[in-house]
Amino acid sequence: MSDVRGKFVWYDLMTTEPDAAISFYQGVIGWGTQAWEGSETPYTMLTVGERPVGGLMELPEEARAGGAPPHWLPYVGTPDVEATVARATELGGSVYVPPTDIPDVGRFAVLADPQGAVFAVFAPSGEHPTPEGPPQSGEIHWHELATTDYEAAFEFYADLFGWEKSEAMDMGEGAIYQLYGLGGPENHLGGMFNKPPEMPGPAAWLCYTTVDDVTPTSERVKELGGQVLHGPMEVPGGDMIVTCMDPQGAVFALHSTGGGEGG
């Protein structure tokens with residue numbers, strides 16, 4: 001088994017209109033698609049070239065009945081799903097989907113942290129390569145947690161996955177954006193912060209996909225029926241980001257390196 005502990009290894013879009021969502025993301029990001037035949041439920045893999053980076057399926061009825069909106073679900077690697085689920089519950093987390101096998105692929109579970117943000121854990125049955133080097137266009141690479149208590153949330157994830165704190169960036173008025181990663185400050189995975197009062201909704205993960213230039217890409221979001229919620233804006237270091245919502249209501253973010261060049 002490959003060493004995936006603490007790495008983000010997969011992403012699922014749970015949506016109410018799979019065909020419409022596929023068309024939208026193909027137009028915005030340029031992902032290819034590949035049908036996956038290993039499930040009774042229709043499932044489409046999203047690809048960069050020939051390499052799958054995530055998947056897409058219809059939001060299950062039981063999730064809709066429970067009030068879950070369309071959303072992106074990040075998967076974090078673990079060598080032992082059962083042990084991670086047991087520890088998560090000891091630490092105050094909740095289990096939405098208990099440990100479940102995906103034949104010939106691996107085992108997963110869907111959890112919520114103590115503040116309510118939903119994520120999944122995954123143990124591959126064989127090798128599961130993760131991208132190395134700078135993020136390429138179409139890769140999801142930054143993972144941001146907006147929560148009610150980022151310090152408590154960090155302790156939860158650090159216990160489960162070995163995440164480490166890096167820089168703590170001052171966003172003004174006492175607000176902190178805490179960077180975190182694995183194996184040193186050069187290996188950032190994302191950031192965490194406390195949601196301001198004007199930010200609606202529960203604690204949630206937001207996944208950023210790299211594109212060549214967020215400015216024209218955000219215009220395509222609007223042309224194809226999505227919404228731009230925040231940005232485009234420059235962040236420290238000169239990169240650009242924008243937060244968007246797809247036509248079905250799932251929130252996602254885009255990132256481009258300084259100067260709008262892909263990389």
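Refer to the preceding data block for the structure.
Note that the structure is a prediction, hence the values are computed from the model and not measured. (Residues numbered from 1 in each chain as written. Predicted model: local features only at pLDDT ≥ 70, side-chain atom pairs only at ≥ 80, totals over all residues. Heavy atoms only, no water.)

## Considerations on helix 5 (residues 214–223)
Point 1. Taken together, the buried positions of helix 5 are V214, T217, S218 and V221. Burial along helix 5 is one-sided: seen end-on, the buried residues are contained in an arc of 100°.
Point 2. The inward-facing, buried residues of helix 5 abut helix 1 (18–28), strand 14 (227–234), strand 15 (240–245) and strand 16 (251–256).
Point 3. One side-chain oxygen at the N-terminal end of helix 5 lies 3.1 Å from the backbone nitrogen of T215; it belongs to D213.
Point 4. Once helix 5 ends, the next one or two residues include G225, with phi positive near 100°. (Buried < 20%, exposed > 50% of the residue type's maximum accessible area, 1.4 Å probe, protein only. Helix = DSSP H or I, 4+ residues; strand = E, 2+ residues; numbered from the N terminus. Arc of directions from axis to C-beta. Contact = heavy atoms within 4.5 Å. Polar contact = N/O pair within 3.5 Å; in protein donor to acceptor, adjacent residues only side chain to side chain.)

## What to know about the sheet that holds strand 13 (residues 204–210)
Point 1. Taken in spatial order, the eight strands line up as 10-11-12-9-13-16-15-14 in an open sheet, and their pairing is mixed. With partners counted over all chains shown, the strands left at the sheet margins are strand 10 (164–172) and strand 14, one partner each. Each neighbouring strand pair of the sheet contributes to a mean axis angle of 20°, computed without reference to strand direction.
Point 2. Docked against the sheet, helix 5 engages strand 14, strand 15 and strand 16, running at close to 175° with respect to strand 14. (Pairing = 2+ DSSP bridges. Axes fitted to C-alpha atoms, helices over the stretch in contact; angles between N-to-C directions.)

## Notes on the state of the cysteines
Point 1. A complete count under the given rule lists zero disulfides for this structure.
Point 2. Free cysteine C207: the closest other cysteine sulfur is in C244, separated by 14 Å.
Point 3. For C244, a relative accessible area of 0% gives the class buried. (Disulfide = S-S within 2.5 Å.)

## Focus: the pairing of strand 11 (residues 175–181)
Point 1. Burial within strand 11 is extensive, with five of its seven residues counted as buried.
Point 2. Direction of pairing for strand 10 relative to strand 11: antiparallel, over a ladder of six bridges. Across the sheet, D170 pairs through a bridge with I176, a residue of strand 11.
Point 3. Between strand 10 and the antiparallel strand that follows it, strand 11, lie two residues; E173 among them carries a positive phi value of about 55°.
Point 4. Relative to strand 12 (residues 188–194), strand 11 runs antiparallel, the two being bridged by four bridges.

## So, the packing of helix 3 (residues 81–90) against helix 4 (residues 150–161)
Point 1. Viewed as axis vectors pointing N to C, helix 3 and helix 4 meet at an angle of 155°, and their least axial separation amounts to 10 Å. Judged by the angle between their axes, helix 3 and helix 4 are roughly antiparallel. When you trace helix 3 past helix 4, the crossing you get is right-handed. Where helix 3 abuts helix 4, its residues T84, R87 and A88 lie against F156, D159, L160 and F161. (Parallel < 35°, antiparallel > 145°, perpendicular 65-115°, else oblique. Left-handed = near helix turned anticlockwise from the far one by under 90°.)

## Notes on the sheet that holds strand 3 (residues 43–48)
Point 1. Taken in spatial order, the eight strands of this open sheet run 2-3-4-1-5-8-7-6, and their pairing is mixed. With one partner strand each, in any of the chains shown, strand 2 (32–36) and strand 6 (94–102) form the two edges of the open sheet. The mean inter-strand angle of the sheet, taken between neighbouring strand axes irrespective of direction, is 25°.
Point 2. The pairing of strand 2 with strand 3 spans five bridges and is antiparallel. Bridge assignment links T33 to a residue of strand 3, and that residue is L46.
Point 3. Against the sheet, helix 3 touches strand 6, strand 7 (106–112) and strand 8 (118–124), its axis set at about 10° to strand 7.

## With respect to the nonpolar core
Soluble globular proteins tend to bury their nonpolar side chains together.
Point 1. Counting 50 residues, the largest nonpolar core has W72, Y157, W163, W205 and L254 as the members making the most contacts within it.
Point 2. If near-sequence neighbours (up to four positions away) are discounted, W72 is found in contact with Y11, D12, L13, Y25, W31, L46, G55, I140, A250, V251 and F252.
Point 3. One finds M45, M57, Y75 and V110 within the second-largest nonpolar core, a separate group that totals 14 residues. (Core = buried A, V, L, I, M, F, W, Y, C linked by side-chain atoms within 4.5 Å.)

## Description of the pairing of strand 15
Point 1. Sheet topology places strand 14 next to strand 15; five bridges connect them, and they run antiparallel. Of the residues in strand 15, the one forming a bridge with M233 is I241.
Point 2. The antiparallel pairing of strand 14 with strand 15 creates a hairpin that spans five residues between the two strands, and G237 there sits at a positive phi of about 105°.
Point 3. As judged from the six bridges shared by strand 15 and strand 16, these two strands associate in the antiparallel manner. Looking at the pairing, M245 lines up with V251 of strand 16.
Point 4. Counted between consecutive antiparallel strands, the loop separating strand 15 from strand 16 contains five residues, among which G249 sits at a positive phi close to 110°.

## Quick notes on the side chain of T147
Point 1. Inspection of the secondary structure assignment puts T147 in strand 9 (residues 140–147).
Point 2. Not counting residues up to four positions away in its chain, the partners in contact with T147 are Q115, A153, F193, N194, K195 and A203.

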